[in-house]
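Listed below, chain by chain, are the residues.
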Protein chains: 2
Amino acid sequence: MPLQPVSRRSVPDEVFDQVLGEVVSGALGAGEALPSERRLAEVLGVSRPAVREALQRMAQTRLVEVRHGGATTVRDFRRYAGLDLLPSLLVRGGSIDVPVVRSVVEARLLIGPSVAALAAQRRNDQHVSQLTATVTAYAATSDPVERQRHTLAYWDLVVDAADSITFRLMFNSLSAAYEPALPVLASVIGAGESAGAYRVLTAALEEGDPDTTRAAAERVLRPSTDALLTALNTLDTSWENP
Amino acid sequence: MPLQPVSRRSVPDEVFDQVLGEVVSGALGAGEALPSERRLAEVLGVSRPAVREALQRMAQTRLVEVRHGGATTVRDFRRYAGLDLLPSLLVRGGSIDVPVVRSVVEARLLIGPSVAALAAQRRNDQHVSQLTATVTAYAATSDPVERQRHTLAYWDLVVDAADSITFRLMFNSLSAAYEPALPVLASVIGAGESAGAYRVLTAALEEGDPDTTRAAAERVLRPSTDALLTALNTLDTSWENP
DNA sequence: TCCGGATACTGGTCTTACCACTTGACCACT
DNA sequence: AGTGGTCAAGTGGTAAGACCAGTATCCGGA
């Protein structure tokens with residue numbers, strides 16, 4: 001294993017993760033009150049500002065509601081949390097949550113073609129040449145993880161071409177969830193993907209027709225989606241993340 | 001104007017909003033260094049912990065990167081920020097950003113039908129009856145803002161039926177962005193919507209066929225989307241939010 | 001029974017101090 | 001010239017304590 005930068009977790013980070021774990025695991029149900037900041041600080045052996053930073057971040061994510069003078073209560077994260085919570089749900093305690101991956105993968109299949117269709121209508125020559133270069137790099141790579149990084153870069157360009165801030169932010173959120181799981185998923189996906197499909201998609205994007213582009217995008221995504229979903233169906237238990 | 005709860009903005013909230021404004025407005029470009037926490041605290045006339053809470057929340061949103069011992073630098077939010085940033089981009093300084101609304105509206109049109117198709121495959125009887133009840137309530141309402149709330153509730157149910165945590169979180173984020181702008185948008189949308197289209201969609205969902213459901217969903221969303229987009233095209237300037 | 005206030009909580013904010021880390025400059029050694 | 005060591009200044013990280021401000025609760029008087 002190559003050298004890696006040492007990870008230094010700060011105290012508020014640690015507190016945040018612990019409380020977040022309690023919430024998303026359901027140990028702290030919606031409506032329940034958290035211990036007071038002072039109590040939490042005492043129990044966890046940290047200072048109150050540290051606890052506060054963590055709780056404010058929880059509030060920012062809409063996982064808790066803090067009321068001045070009243071108790072801090074847990075909110076129903078399924079009802080209120082935003083897409084930025086996805087990474088925390090996807091990989092919990094070192095293992096991957098299968099139903100969550102399933103929903104991400106199927107969302108990818110449903111949204112990807114639409115974004116590609118949008119991109120077809122708005123792309124310019126520079127986009128096309130960058131896409132072509134990325135496909136070339138993809139085809140020249142054998143390492144499965146590296147190949148996945150190239151496909152991510154490809155879709156990043158597609159989203160750029162689509163020129164939609166909403167889809168851009170959506171893609172960022174999904175990428176942030178996808179990235180950590182990438183090594184685990186790469187091997188499963190690898191089987192179903194081919195540079196050919198990406199070349200067809202790129203040609204469709206260059207042509208600029210939304211419908212053919214949508215179809216081409218679906219042909220790109222369908223095999224890896226099927227490969228992943230069947231893999232998920234066979235081993236329905238959580239995967240360990242080494 | 002009816003009485004409204006007084007808004008009590010906390011100090012860290014204020015700091016957060018100010019710094020966020022600097023970043024998303026581009027006044028602080030990507031890569032630039034923020035003033036030190038002590039300096040910020042001094043300039044803004046608040047304590048350092050208050051500044052810290054705000055900056056940590058900025059970091060959580062991936063808008064800045066804080067490095068222990070080094071300076072806190074601004075990140076490229078278009079590249080890294082998640083969908084939870086959308087509300088802040090949509091309504092900036094009391095007015096609505098037109099290109100952002102445009103992208104949200106078109107995303108709604110592209111994603112909605114897919115989610116509906118998913119819901120058609122997974123809905124149960126309870127979903128259907130709740131959907132029917134919501135359509136009835138919708139048809140019985142005349143106030144445009146209230147009607148929009150009912151459509152939100154309807155789509156909330158559709159997302160529930162789709163049984164996808166990814167789409168659920170996505171919907172939550174989009175709702176959070178949509179909600180504040182709802183009064184402004186309601187009048188424009190109102191023209192194009194009819195209870196009939198929703199009834200057809202509900203019937204398709206009950207039937208359970210993905211393709212007809214997808215088509216029905218598009219017929220629901222298309223009119224209001226067109227109405228909004230043309231309205232946005234005519235007055236391309238920002239709307240004031242009273 | 002009901003109202004009103006005392007009181008004991010809660011979170012909100014500030015001050016101060018110190019620790020840990022990064023940066024850059026300088027310097028000695030090779 | 002280039003290496004690595006040292007140090008000072010500035011940055012973020014953390015803690016402790018105090019006080020302010022808002023809420024919830026209970027208890028006594030009407």
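Reading the values: the criteria
- Residues numbered from 1 in each chain as written.
- Chains lettered and ligands numbered in written order.
- Predicted model: local features only at pLDDT ≥ 70, side-chain atom pairs only at ≥ 80, totals over all residues.
- Heavy atoms only, no water.
- Helix = DSSP H or I, 4+ residues; strand = E, 2+ residues; numbered from the N terminus.
- Contact = heavy atoms within 4.5 Å.
- Lys, Arg positive; Asp, Glu negative; His and termini not counted.
- Charge placed at Lys NZ, Arg CZ, Asp CG, Glu CD.
- Near = heavy atom within 4 Å.
- Polar contact = N/O pair within 3.5 Å; in protein donor to acceptor, adjacent residues only side chain to side chain.
- Salt bridge = Lys/Arg side-chain N within 4 Å of Asp/Glu carboxyl O.
- Buried < 20%, exposed > 50% of the residue type's maximum accessible area, 1.4 Å probe, protein only.
- Least-squares fit on C-alpha atoms with pLDDT ≥ 70 in both.
- Axes fitted to C-alpha atoms, helices over the stretch in contact; angles between N-to-C directions.
- Parallel < 35°, antiparallel > 145°, perpendicular 65-115°, else oblique.
- Nonpolar A, V, L, I, M, F, W, Y, C, P; charged D, E, K, R; others polar.
- Core = buried A, V, L, I, M, F, W, Y, C linked by side-chain atoms within 4.5 Å.
- Domains from an automatic or database assignment.
- Phe/Tyr/Trp six-rings, centres within 6.5 Å; stacked < 30°, edge-to-face > 60°.
- Lys NZ or Arg CZ within 6 Å of the ring centre and 35° of its normal.
- Patch = residues over 30% accessible without salt bridge, like charges linked within 9 Å, V, L, I, M, F, W, Y side chains within 5 Å.
- Areas by Shrake-Rupley, 256 points an atom, 1.4 Å probe, with all protein chains shown as cover.
- Buried area = accessible area lost by both parts, 1.4 Å probe.
- Arc of directions from axis to C-beta.

1. Brief notes about the overall build of chain A
- Along chain A, the regular secondary structure elements total 11 helices and 5 strands.
- Considering only C-alpha atoms, chain A reaches an extent of 60 × 40 × 35 Å along its principal axes.
- By sequence separation, contacts in chain A at least 24 residues apart represent 69% of the contacts at least 6 residues apart.
- Side-chain charges of chain A comprise 24 positive and 29 negative groups, with the mean position of each set lying 5 Å from the other.

2. Describing the protein's contact with DNA strand D
- What surrounds DNA strand D is a group of 25 residues, the closest being Val-11 and Pro-12 of chain A together with Arg-38, Arg-48 and Arg-52 of chain B.
- Of all atoms in DNA strand D that approach within 4 Å of the protein, 61% are sugar or phosphate atoms.
- The contact in question runs from a sugar or linking oxygen of DNA strand D to an N or O atom on the backbone of Gly-69 of chain A, over 3.2 Å.
- Between DNA strand D and Gly-70 of chain B, the relevant distance is 3.4 Å, taken from a sugar or linking oxygen to a main-chain nitrogen or oxygen of the residue.
- Going through the elements one at a time, helix H1 (11–24) and helix H3 (48–60) of chain A together with helix H2 (37–44) and helix H3 (48–60) of chain B are the ones with two or more residues in the surface near DNA strand D.

3. Thoughts on the pattern of salt bridges
- Per the counting criterion, the structure on display carries 31 salt bridges over all chains.
- Close ionic contact of Glu-14 of chain A with Arg-9 of chain A constitutes a salt bridge, the shortest N to O distance being 3.2 Å.
- With relative accessibility at 35%, the residue Glu-14 of chain A sits in the partly exposed group.
- Close ionic contact of Arg-222 of chain B with Glu-218 of chain B constitutes a salt bridge, the shortest N to O distance being 2.7 Å. Of this pair, Arg-222 of chain B and Glu-218 of chain B both sit in helix H11 (residues 210–234), 4 residues apart, which is roughly one turn of that helix.
- Residue Glu-218 of chain B is classed as partly exposed on the basis of its relative accessible area of 32%.

4. So, the relation of the copies chain A and chain B
- Least-squares fitting of chain A to chain B yields an RMSD of 0.0 Å, with the superposition described by an axial translation of 0.0 Å and a rotation of 180°. Taken together, the rotation angle and the small translation identify this as a two-fold axis.
- Most of the interface of chain A is mirrored in chain B: 100% of its interface residues are interface residues there too.

5. Regarding the packing of helix H6 (residues 98–122) of chain B against H11 of chain B
Residue and element names in this part refer to chain B.
- Viewed as axis vectors pointing N to C, H6 and H11 meet at an angle of 170°, and their least axial separation amounts to 7 Å. Regarding the angle of H6 to H11, the classification is roughly antiparallel.
- Residue composition of the contact of H6 with H11, by class: 14 nonpolar, 7 polar and 5 charged.

6. As for the nonpolar core
- Of all hydrophobic cores here, the largest spans 150 residues; its most connected members are Trp-155 of chain A together with Trp-155 of chain B.
- When residues no more than four places from it in sequence are discounted, the contact partners of Trp-155 of chain B are Gly-112, Ala-116, Phe-171, Tyr-198, Leu-201, Ala-217, Val-220 and Leu-221 of chain B.

7. A look at the protein's contact with DNA strand C
- Residues in contact with DNA strand C amount to 24 residues; listed here are only the nearest, Arg-38, Arg-48 and Arg-52 of chain A together with Val-11 and His-68 of chain B.
- Within 4 Å of the protein, atoms of DNA strand C come from sugar and phosphate in 64% of cases.
- Between Glu-37 of chain A and DNA strand C, the recorded distance is 2.9 Å, taken from a backbone N or O atom to a phosphate oxygen.
- Contact distances for DNA strand C include 2.6 Å between a phosphate oxygen and a backbone N or O atom of Val-11 of chain B.
- By residue class, the composition of the surface near DNA strand C is 6 nonpolar, 11 polar and 7 charged.

8. Side note on the domain arrangement of chain A
- Split by domain assignment, chain A resolves into domain 1 (12–81) and domain 2 (86–240).
- Here the C-alpha centre of domain 2 of chain A lies 34 Å away from the C-alpha centre of domain 1 of chain A.

9. Here's the deal with the packing of aromatic side chains
- Using the criterion set out here, one finds 6 aromatic pairs over all chains in the structure.
- Lying across the ring of Phe-16 of chain A, Arg-57 of chain A places its NZ or CZ 4.2 Å from the centre.
- If you follow Arg-147 of chain B out to its NZ or CZ, it ends over the ring of Tyr-138 of chain B, 4.4 Å from the centre.

10. Things to note about a negative patch on the surface
- Among the surface-exposed residues, Asp-125, Glu-206, Glu-207, Asp-209 and Asp-211 of chain A lie close enough to one another that they form a single negatively charged patch.
- Residue Asp-211 of chain A is classed as exposed on the basis of its relative accessible area, which comes to 56%.

11. Comments concerning unusual backbone geometry
- Unusually for a residue other than glycine, Asp-163 of chain A sits at a positive phi of about 55°.
- When you line up the elements, Asp-163 of chain A lands in the loop between helix H8 (144–162) and helix H9 (165–190).

12. Some remarks on the interface of chain A and chain B
- Of the residues lining the interface, 43 residues belong to chain A; the matching set on chain B comes to 43 residues.
- At the boundary of chain A with chain B, total buried surface from both sides reaches about 3,700 Å², with 55% on carbon and sulfur atoms.
- It is Glu-53, Gln-60 and Leu-169 of chain A that lose the most area in chain A upon contact with chain B, and together they represent 16% of the buried surface on that side.
- At the boundary of chain A and chain B, one finds 9 salt bridges.
- Between Arg-79 of chain B and Asp-156 of chain A there is a salt bridge, with its nearest N and O atoms 2.5 Å apart.
- Our enumeration of links across chain A and chain B arrives at 22 residue pairs in polar contact (both at pLDDT 80 or more).
- Within the residue set of the side of chain A that touches chain B, elements represented by two or more residues are H3, helix H4 (77–80), helix H5 (86–90), helix H6 (98–122), H8 and H9 of chain A.
- Classifying every residue of the side of chain A that touches chain B gives 20 nonpolar, 10 polar and 13 charged.

13. Quick notes on H2 of chain B
Residues and elements named next belong to chain B.
- Taken as a whole, H2 has its buried residues at Glu-37, Leu-40 and Ala-41. One side of H2 carries all its buried residues, which in axial view fall inside an arc of 100°. Exposed residues lying more than 90 degrees from the buried face of H2 are Arg-38, Glu-42 and Val-43.
- Buried residues along H2 sit against H3.

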